[in-house]
Amino acid sequence: MRRFLFVGPSLPDAREHAGDGIRILPPVKAGDLLALEPGPGDVIGIVDGLFHQVRSVQHKEILYALQCGAAVLGAASMGALRAAELAPFGMRGVGRVYADFASGRLTADDEVAVVHTDREHGYRCLTFPLVSLRYTVERLVELGRMSPREAGELIREMRAVHYMDRTFGRLAGKPLKSAWIDAKKDDAILLIEEMSKEISPERPDVPNTIYLHAWRLGQEISGHPLRVFQLFGRGYEELHARLVEDAIRDECASRCGPEAPAEFPDPVLNHACHEGYLTPGDTTLLPRLRPWLTEAERTGEPPAILLRKAVTRAFRMLPDVTPDAEAARRLRSPQLQARARDVRALATAINLNAESRLPGFSAERVPDERLAQLASELYGVRRDELEIAARMRGIPGADVLLAALRPYYLLAKYNPETVALSLDISGRNP
Ligand SMILES: [Zn+2]
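Per an unreviewed UniProt entry, the chain is named TfuA-like core domain-containing protein, and its organism is Nonomuraea monospora.

K.L.:
How would you explain the coordination of the zinc ion if you had to name every residue and give the values?
P.N.:
The coordination sphere of the zinc ion contains the protein donors C252 (SG), C256 (SG), H271 (ND1) and H274 (ND1), at a distance range of 2.0 to 2.3 Å. One can describe the donor arrangement at the zinc ion as tetrahedral, given that its four donor atoms subtend angles of 103 to 129° at the metal. In primary sequence terms, the donor set of the zinc ion follows C-x3-C-x14-H-x2-H. With a gap of 19 residues between them, C252 in helix α11 (residues 236-255) and H271 in helix α12 (residues 267-274) connect regions that are remote in the sequence. Accessibility classification places C252 together with H271 in one group, the buried group.

K.L.:
Report on helix α6 (residues 130-142), specifying residues and quantitative values.
P.N.:
Under the 1.5 Å per step criterion, the end-to-end length of α6 is 19 Å for 13 residues, consistent within 8% with the ideal 18 Å. Of all the residues in α6, the buried ones are L130, V131, S132, L133, R134, Y135, T136, V137 and L140. Where α6 ends, the next residue or the one after it, G144, has phi of about 75°, a positive value.

K.L.:
So what's going on with the side chain of S77? Residues and values would help.
P.N.:
Relative to the helices and strands, S77 resides in the loop between β4 (71-75) and α4 (78-86). Not counting chain neighbours up to four residues away, the residues in contact with S77 comprise S10, V47, D48, V112 and K184.

K.L.:
So what's going on with the layout of surface pockets? Residues and values would help.
P.N.:
Approximately 390 Å³ is the volume found for the second largest pocket. The element contributing the most residues to the lining of the second largest pocket is α4, with three residues. Grouping the constituent residues of the lining of the second largest pocket by class yields twelve nonpolar, six polar and five charged.

K.L.:
Provide a residue-level description of the sheet that holds strand β1 (residues 3-6), including the pertinent values.
P.N.:
An order of β2-β1-β3-β4-β5 is seen for the five strands of this open sheet, with the pairing classed as parallel. Each of the sheet's edge strands pairs with one partner strand only, and the pair in question is β2 (23-25) and β5 (92-94). Shown here is a sheet whose adjacent strand axes are inclined to one another by a mean of 20°, direction ignored. Where strand β3 (residues 43-46) meets β4, four bridges bridge the pair, whose relative direction is parallel. Bridge assignment links V43 to a residue of β4, and that residue is A71.

K.L.:
Which residues make up the pattern of salt bridges, and what are the values?
P.N.:
Considering all chains together, one arrives at 24 salt bridges under this definition. Two residues, R249 and D246, come together in a salt bridge whose shortest N-O distance is 3.5 Å. Placement of both R249 and D246 in helix α11 is noted, with a separation of three residues, approximately one turn of the helix. One network of salt bridges, in which partners are shared, links E295, R298, R382, D384 and E385.

K.L.:
So what's going on with the nonpolar core? Which residues, and what values?
P.N.:
Counting 40 residues, the largest nonpolar core has L231 and F232 as its most contacted members. Taken together, the elements giving at least two residues each to this core come down to α10 (225-232), α11, α16 (323-330), α17 (334-357), α18 (368-379), α19 (386-392), α20 (398-405) and α21 (409-414). Apart from residues no more than four positions distant in its own chain, F232 is found in contact with L378, R393, L405, Y408, A412, V419, A420 and L421. In terms of nonpolar packing, the next biggest core, distinct from the first, is built from 30 residues, F4, V28, Y135 and I181 among them.

K.L.:
Tell me about unusual backbone geometry, and please be specific about residues and values.
P.N.:
With a phi angle near 50°, E37 is a residue other than glycine that sits in the positive phi range. Among the secondary structure elements, E37 is positioned in the loop between α2 (32-35) and β3.

K.L.:
Before we move on, could you go through the domain arrangement of the chain and cite the residues and values that matter?
P.N.:
In terms of domains, the chain is made up of domain 1 (3-112 + 187-195), domain 2 (122-181) and domain 3 (329-422). A separation of 32 Å is found between the C-alpha centroids of domain 1 and domain 3.

K.L.:
Lay out the packing of helix α3 (residues 59-67) against α4 in plain terms, naming residues and giving numbers.
P.N.:
Orientation of α3 relative to α4, taken along the N-to-C sense of each, is 70°, at an axis distance of 11 Å. Relative to α4, the element α3 lies roughly perpendicular. Contacts between α3 and α4 involve H59, I62 and L63 from the first element and R82, E85 and L86 from the second. By residue class, the composition of the contact of α3 with α4 is three nonpolar, one polar and two charged.

K.L.:
Would you mind going over α20 in detail, with residue names and values included?
P.N.:
Within the sequence span of α20, burial applies to A398, L401, L402, A404 and L405. Along the axis of α20, the buried positions cluster into a sector of 160°, meaning they face one direction only. Buried residues belonging to α20 abut α10, α18, α19 and α21.

K.L.:
Please provide a residue-by-residue account of the packing of α10 against α17, values included.
P.N.:
Where α10 meets α17, the axes come as close as 9 Å, and the angle between the chain directions of the two elements is 80°. Between α10 and α17, the interaxial angle falls into the category roughly perpendicular. Side by side, α10 and α17 meet where P225, V228 and F229 of the first sit next to L336, Q337, A340, V343 and R344 of the second.

About the thresholds
- Residues numbered from 1 in each chain as written.
- Predicted model: local features only at pLDDT ≥ 70, side-chain atom pairs only at ≥ 80, totals over all residues.
- Heavy atoms only, no water.
- Donors = N, O, S within 2.8 Å, 3.2 Å for Na, K, Ca; no water.
- Tetrahedral: all angles 85-135°; square planar, octahedral: opposite > 155°, others 65-115°.
- Helix = DSSP H or I, 4+ residues; strand = E, 2+ residues; numbered from the N terminus.
- Buried < 20%, exposed > 50% of the residue type's maximum accessible area, 1.4 Å probe, protein only.
- Expected span 1.5 Å × (residues − 1).
- Contact = heavy atoms within 4.5 Å.
- 1 Å grid on protein atoms, 1.4 Å probe; cavity = no way out; pocket = protein on both sides within 12 Å on 5 of 7 lines; lining within 4 Å.
- Points joined across faces, edges and corners; volume = space filled by probe spheres on them.
- Nonpolar A, V, L, I, M, F, W, Y, C, P; charged D, E, K, R; others polar.
- Pairing = 2+ DSSP bridges.
- Axes fitted to C-alpha atoms, helices over the stretch in contact; angles between N-to-C directions.
- Salt bridge = Lys/Arg side-chain N within 4 Å of Asp/Glu carboxyl O.
- Core = buried A, V, L, I, M, F, W, Y, C linked by side-chain atoms within 4.5 Å.
- Domains from an automatic or database assignment.
- Parallel < 35°, antiparallel > 145°, perpendicular 65-115°, else oblique.
- Arc of directions from axis to C-beta.

If you want it as structure tokens, here you go:
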């Protein structure tokens, strides 16, 4: 049985509280729970989580951990929020902050948000969480050291301030210090106590939706050579389109059978009819499919081709049908794998070099704006067409595309010929 605790600024000295039985991990972000490969008997505690700078931990991911038989507990901060949202599905909340979110007494995410230094600098809080101020003035009112009116005004005043600006300096002159309640710390300690007890997990039955599936797969392949080919492989769009078409044909064969009507000469379009997406002779169709086609395509290609492209891109795979697994299989030749690894190694080397020479530069912090510009040049589409460009390469969305591109930014921008990978997948060429 393994125990993990995601914690940061709420309890910087968590290690001392947790003892040896609990592995301390930094604040949770999207993907971290899946990376643990949760299993029966595992206990996962969530206190702190990142939410602004990166994608926050996904609800589906927590449900997945529960479904795998792990117990997931939350408290104090991000953990309390998620636990309040997911309590009906078996996530357990601990402590006062959780109870107040669960009862609806607290509603805003920013009650627990703080600005803090990073791990290297001890997770020092530079602002206070509103919830701590709330609990502190409540105590002062109980003790008769603050009037309810004064307390109400102070809360209203601070609630109007953005959480990033809730510095301790703003509280100067108020009689708070001696009564200060560190709400998040108190609850984080409670969570650790709870995690040390015997816990029997509840296993909810969570539908394995297309979103969770696509997302898990995205996690699994984020460090996989397939991503490199999706990003840079010449002709990857064609490969992906072919794989999707195969999947559509398979789905039609198993679901509709050979007797299903065939109004079009194209099996892909026929299956779209069977599924109710297409009606033969419907003239409003192409205008409705606009979002799935680039400007260049719309103005330069015949309607039958456009229809097929749009249907292929809009097609939602069943959770257990994925072109990615097949793509990975077809791209498994040792030469291609080696090329992908070379590109990755080169990108890493260039990033490290730039980071050592340019103070403040970090490949992790290349702005989305620049990535979008690069992607637009790389794929020959407009900035507002990146969603299509991503879909064409089997990547579930523009945000995933940009995130995947980030480590390759310098390499792709300044050495475009290096990343232009040719995909010899036909087996016919030497
Ligand atoms: Zn069909």
